[in-house]
Amino acid sequence: MTKPSRKAIIIGAGIAGPVAAIFLKRAGIDARVFEAWPYSAGIGGGLQIAPNGMHVLAEIGLADEMIRRGSIAESFDFYSQSGARLGSINRNMEQRFGQPAVNMSRATLNEEIIGKAWCENVELAFEKRLVSIEDRADQPIIAHFADGTSAEGDFLIGADGVHSAVRAHVIPDGPKPFDTGLIGFGGFVPRSMFENTRSDSASRPRSVKAVSLATAFAAPTCKTA
Ligand SMILES: Cc1cc2nc3c(=O)[nH]c(=O)nc-3n(C[C@H](O)[C@H](O)[C@H](O)COP(=O)(O)OP(=O)(O)OC[C@H]3O[C@@H](n4cnc5c(N)ncnc54)[C@H](O)[C@@H]3O)c2cc1C
């Protein structure tokens, strides 16, 4: 007799949710992802995925695409306000860790990850904001959403970010995120601005963080493995 497949409920379609769903699907677990917001493209700033994260993206077949759509970070160079070079870290990442660190726009990353999840037949439901969880011993777990609907599963994964409703359910008295008072500034520049920049760092005044500006959503082209 074949065992019925287990069902996972994943809350949040940011970075971790759809990726976890892809791996669960591959392991024979039926994973469904529920996201609070409508599907959107083009939202978010930039981020750098470190080599360990790039290994995960490689595992789901997205590393090369993210390198193509982003830019490899050669190092982190620190400068004082007056322009004096203070130091440099994170050099030769690919050589040391098997993957480079890659700068990319969050929108592009999210678009690619969600496209990949769709290609791997992960069910993604948008406009499903988790409001409560019914967690009963030896019975399916039930997630209740703000629109009055609910979903049942054998287990539930919270991938709902820094203000996680799942974490608040599991650890009601746990630590809460707080405002540190620090503000980060960033920006995007067209890659073409750096096309003629030589890659040997000695010849360059400073390293730059350049990411692709391509953010338009296109239906994913699903490649068979
Ligand atoms: C300004 C900034 C810069 C950063 N830069 C980097 C960087 O360079 N490199 C790096 O590795 N990390 C960076 N991080 C951290 C990184 O963004 C997080 O670690 C990462 O996004 C966590 O992924 P996640 O999938 O767990 O959560 P998220 O990406 O936050 O996704 C959570 C998802 O859950 C959804 N959600 C929330 N509540 C509910 C609910 N009740 N019901 C349903 N869905 C819900 C949200 O809408 C969202 O889509 C940065 C973070 C910030 C804020």
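If you're wondering where the values come from, they're calculated on a predicted model, not measured in any experiment.

Visitor: So what about helix H1 (residues 16-26)? Which residues, and what values?
Guide: Of the positions making up H1, those classed as buried are Gly 17, Pro 18, Val 19, Ala 21, Ile 22 and Leu 24. Structurally, H1 contributes buried residues whose contacts are with strand E1 (7-11), strand E2 (30-34), helix H2 (51-59), helix H5 (106-119) and strand E8 (123-125). At the exit of H1 stands Gly 28, carrying a positive phi of roughly 85°.

Visitor: Just give me the short version of the pairing of strand E5 (residues 76-79), but keep the residues and values in it.
Guide: Relative to strand E6 (residues 85-89), E5 runs antiparallel, the two sharing four bridges. Its bridge partner being in E6, Tyr 79 is matched across the sheet by Arg 85. Between E5 and E6, which pair antiparallel and follow one another directly, the connecting turn spans five residues, one of which, Gly 83, has a positive phi of 95°.

Visitor: Got a sec to walk through the sheet that holds strand E9 (residues 130-134)? Specific residues and values, please.
Guide: If you walk across this open sheet you meet the three strands as E9-E10-E11, and the pairing is antiparallel. At either end of the open sheet lies a strand with only one pairing partner, and these are E9 and strand E11 (150-153). In this sheet, adjacent strand axes meet at a mean angle of 20° when their direction is disregarded. Two elements, strand E10 (residues 141-145) and E11, share four bridges in a ladder whose sense is antiparallel. From the neighbouring strand, Ala 143 faces E11, where its bridge partner is Ala 151.

Visitor: Residue-level account of the site of the ligand, with values.
Guide: As a structural note, the neighbourhood of the ligand is formed by 22 residues, with Gly 12, Gly 14, Ala 16, Leu 47 and Gly 161 the closest of them. Those elements giving two or more residues to the shell around the ligand turn out to be H1 and strand E3 (46-49). Per-element tally for the shell around the ligand: the top contributor is E3, with three residues. For the shell around the ligand, the residue count by class is 12 nonpolar, seven polar and three charged.

Visitor: A description of the sheet that holds E3 should follow, citing residues and the corresponding values.
Guide: Reading across from one edge, E3-E7-E4 is the order of the three strands in this open sheet, with antiparallel pairing throughout. Of all strands in the sheet, those bounded by a partner on one side alone are E3 and strand E4 (71-72). Sheet topology note: the E3/strand E7 (residues 102-105) ladder contains four bridges and is antiparallel. Its bridge partner being in E7, Gly 46 is matched across the sheet by Ser 105. Contacting E3 and E7, H5 crosses the sheet at an angle of about 85° to E7.

Rules behind the numbers
- Residues numbered from 1 in each chain as written.
- Predicted model: local features only at pLDDT ≥ 70, side-chain atom pairs only at ≥ 80, totals over all residues.
- Buried ≥ 20, exposed ≤ 12 C-beta atoms within 10 Å, placed from the backbone.
- Helix = DSSP H or I, 4+ residues; strand = E, 2+ residues; numbered from the N terminus.
- Contact = placed C-beta atoms within 7 Å.
- Pairing = 2+ DSSP bridges.
- Axes fitted to C-alpha atoms, helices over the stretch in contact; angles between N-to-C directions.
- Near = placed C-beta within 6 Å.
- Nonpolar A, V, L, I, M, F, W, Y, C, P; charged D, E, K, R; others polar.

Geometric values such as these leave the question of function open.
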